[in-house]
Amino acid sequence: MKARFAFLLALLPALPAVAGDLDTRIGEKLFRRMWVSAPTVTHANDGLGPLYDARSCAACHPAARQGRPPDPAVPDDRGVGYALKLSGDPVYGRQIQTNAVLGFAIEGQPVLTYRKETVRFPDGDTATLRRPLLSVTDLNYGPLAEATAISARIAPSVRGMGLLERIPEADILAGADPEDRDGDGVAGRPNWVAPEGTRQLGRFGWKAVHPTLHRQNSEAFSLDIGMSTPAYPEPWGDCTPAQTECRNAPHGDSPQYEGLEIPSTVIGLIDGYLRTLPPDGGLEAPRDTAGSALFAATGCASCHRPSFTTAEDAAHPALSRRTIFPYSDLLLHDLGEDLADGVAMGEARGRDWRTTPLWGMRRLAESDGTLALLHDGRARSVTEAVLWHGGEAGKARGAFMALPRGDREKLVRFVLGL
């Protein structure tokens, strides 16, 4: 395998010392690699676009962590890993591409502003929320279809995904209660998807649409970078049949690389690198027992399940039989109209979202108030994120609001310690 991509070995001197074997180091370099448009003298580097949002994985996931939305107060700020998903447009496809190679026009640019809204707690305290007001300008291929829904997303952290991938399916399904038989108002549902014709449990992505890390990475190459993989073999990425110039443009697919731009060996190296990345927290049980009790008492733990144990995996001993604390059930929940985006994915409806794992919040502890939480980064603090919750989480939101200020602060500190 290494011999086939021996050209990558020349890149290794630029890498810092990292733990792990040679494949992991190559995978890290590929994760950071800036792809270029075709044709070039070597097919190892080209295939970008023609329409795309990013030139590398790391551009959306700096240090393999999450992105952020644009700051309306900063001229020309485009955010980091900020993408506009579509419900499926006959011209623009599944995502607005904000960049293009030479000779092509971009699909469009997001315009983001916020409307401030005040929420008052029963004890008189207030919090200010930002309701995003999103539009798209510079639509160079005509107007969006009238029925097309737009959903802004920030790139999530990709740390700890190897551990989440190895949670036994039966353990996730054991927490599902789609009919709410226990009457607690929480009805977690699995998102069953069939990306390869076989029914699988989705567990990755904001709506749990990807069953494996490999599928998530492959779709990102297609939608975000415009490059083909074994799972998404179209070399034009998200260009639709209506975009004939894009489809007919030079691409980087080559018989030398399985007729693809990102062959199986390359995507496998990236998958392998990401599986080695630990989360920023969640490998030990929280020590804040008082905060943990508040988290459970308010009902937050009904969706943000504290712990799982990964399955036995002889091929990946570092991921095998580990008790982890991701604080997610990896299921879909209806979070109400305020967070609805109108974009269905698999069995996930417009109001449905996968419970976001909370591990890694400790890294953000000193930034509460300037964070980028929820699927579109609208929430600047843990408090704001909670206050946006509705639907199945409405009862927990109400319980949080009813807490005395001191207990609310304790609960926020607990979350920021995960």
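That block above? That's the structure.
What comes next is a walk through the structure. Residue positions within a chain follow its written sequence, with the count starting from 1. Owing to the predicted nature of the model, reporting of local features is limited to residues with pLDDT of at least 70; listing and counting of side-chain atom pairs is limited to 80 or more, with chain, interface and lining totals taken over all residues. Just so you know, side-chain values use all the structure's heavy atoms and leave hydrogens and water out.

Another point: the pairing of strand β6 (residues 126-137). Should DSSP find at least two bridges between two strands, the strands are regarded as paired. Each helix is a run of DSSP H or I of at least 4 residues and each strand a run of E of at least 2, with the numbering of both proceeding from the N terminus. Sheet analysis places strand β5 (residues 109-120) next to β6, joined by 12 bridges and oriented antiparallel. Bridge pairing links Y114 to P132 in β6. The hairpin turn running from β5 into β6, its antiparallel successor, is 5 residues long, and G124 in that turn takes a positive phi close to 100 degrees.

On to the pattern of salt bridges, then. A side-chain nitrogen of Lys or Arg and a carboxyl oxygen of Asp or Glu constitute a salt bridge if their distance falls within 4 Å. Taken as a whole, this structure holds 22 salt bridges when the rule is applied. With its nearest N and O atoms 2.7 Å apart, the salt bridge here joins E28 to R32. Highlighted residues: E28 and R32, both in helix α1 (residues 22-32), separated by 4 residues, approximately one helical turn. The buried label applies to any residue whose accessible area, calculated with a 1.4 Å probe on protein chains only, is under 20% of its type's maximum; exposed applies above 50%, and partly exposed to all values in between. Owing to a relative accessible area of 34%, R32 belongs among the partly exposed residues under this scheme. For D352, the salt bridge goes to R349, with nearest N and O atoms at 2.8 Å. Since its relative accessible area comes to 45%, R349 is described here as partly exposed.

In this fold, R131 is placed in strand β6. Residues R131 and R378, spaced 247 residues apart in sequence, show a C-alpha to C-alpha distance of 7.2 Å. What makes two residues a contact is simply this: any of their non-hydrogen atoms within 4.5 Å. Each residue touching R131, except ones within four places of it in the same chain, is listed here: T113, Y114, R115, E117, D338 and W388.

A covalent bond bridging the sulfur atoms of two cysteines is what the word disulfide describes. Disulfide assignment relies on a single distance test, namely cysteine sulfur atoms paired within 2.5 Å. Under the defined criterion, the tally for this structure stands at 1 disulfide. Through a disulfide, C239 is tied to C246; the S-S separation comes to 1.8 Å. With the S-S bond torsion at 70 degrees, the cross-link from C239 to C246 turns out right-handed. A single burial state applies to C239 and to C246, both of which are buried.

A few words now on the nonpolar core. Within the largest apolar cluster, 47 residues are counted, with the highest numbers of intra-cluster contacts made by F295, M361 and V382. Counting only elements with at least two residues in this core, the list comes to β2 (82-89), β5, β6, β7 (150-154), α8 (289-297), α9 (382-388), α10 (394-402) and α11 (405-415). Element by element, the count of residues in this core is highest for α9, at 5 residues. Ranked by size, the runner-up nonpolar core spans 37 residues in total, among them F31, C57, F221 and L330. Residues enter a nonpolar core if they are buried and are Ala, Val, Leu, Ile, Met, Phe, Trp, Tyr or Cys, with the set joined through side-chain atoms within 4.5 Å.

Before going further, it helps to examine the pairing of β2. Most of β2 is tucked away, with 6 of its 8 residues classed as buried. Judged from the 3 bridges that link them, β2 and strand β3 (residues 93-96) form a sheet pairing that is antiparallel. If you follow D89 over to β3, its bridge partner there is G93. Connecting β2 to the next strand, β3, in antiparallel fashion are 3 residues.

A separate point is the sheet that holds β2. Ordered by their spatial adjacency, 3 strands build an open sheet running β3-β2-β7, and the pairing between neighbours is antiparallel. Two strands in the sheet have a free side with no partner beyond their single neighbour: β3 and β7. Pairs of neighbouring strands in the sheet enclose a mean axial angle of 30 degrees, with direction left out of account. The convention used is that axes are lines fitted to C-alpha atoms, helices contributing only their stretch in contact, and that angles between N-to-C directions extend from 0 to 180 degrees.

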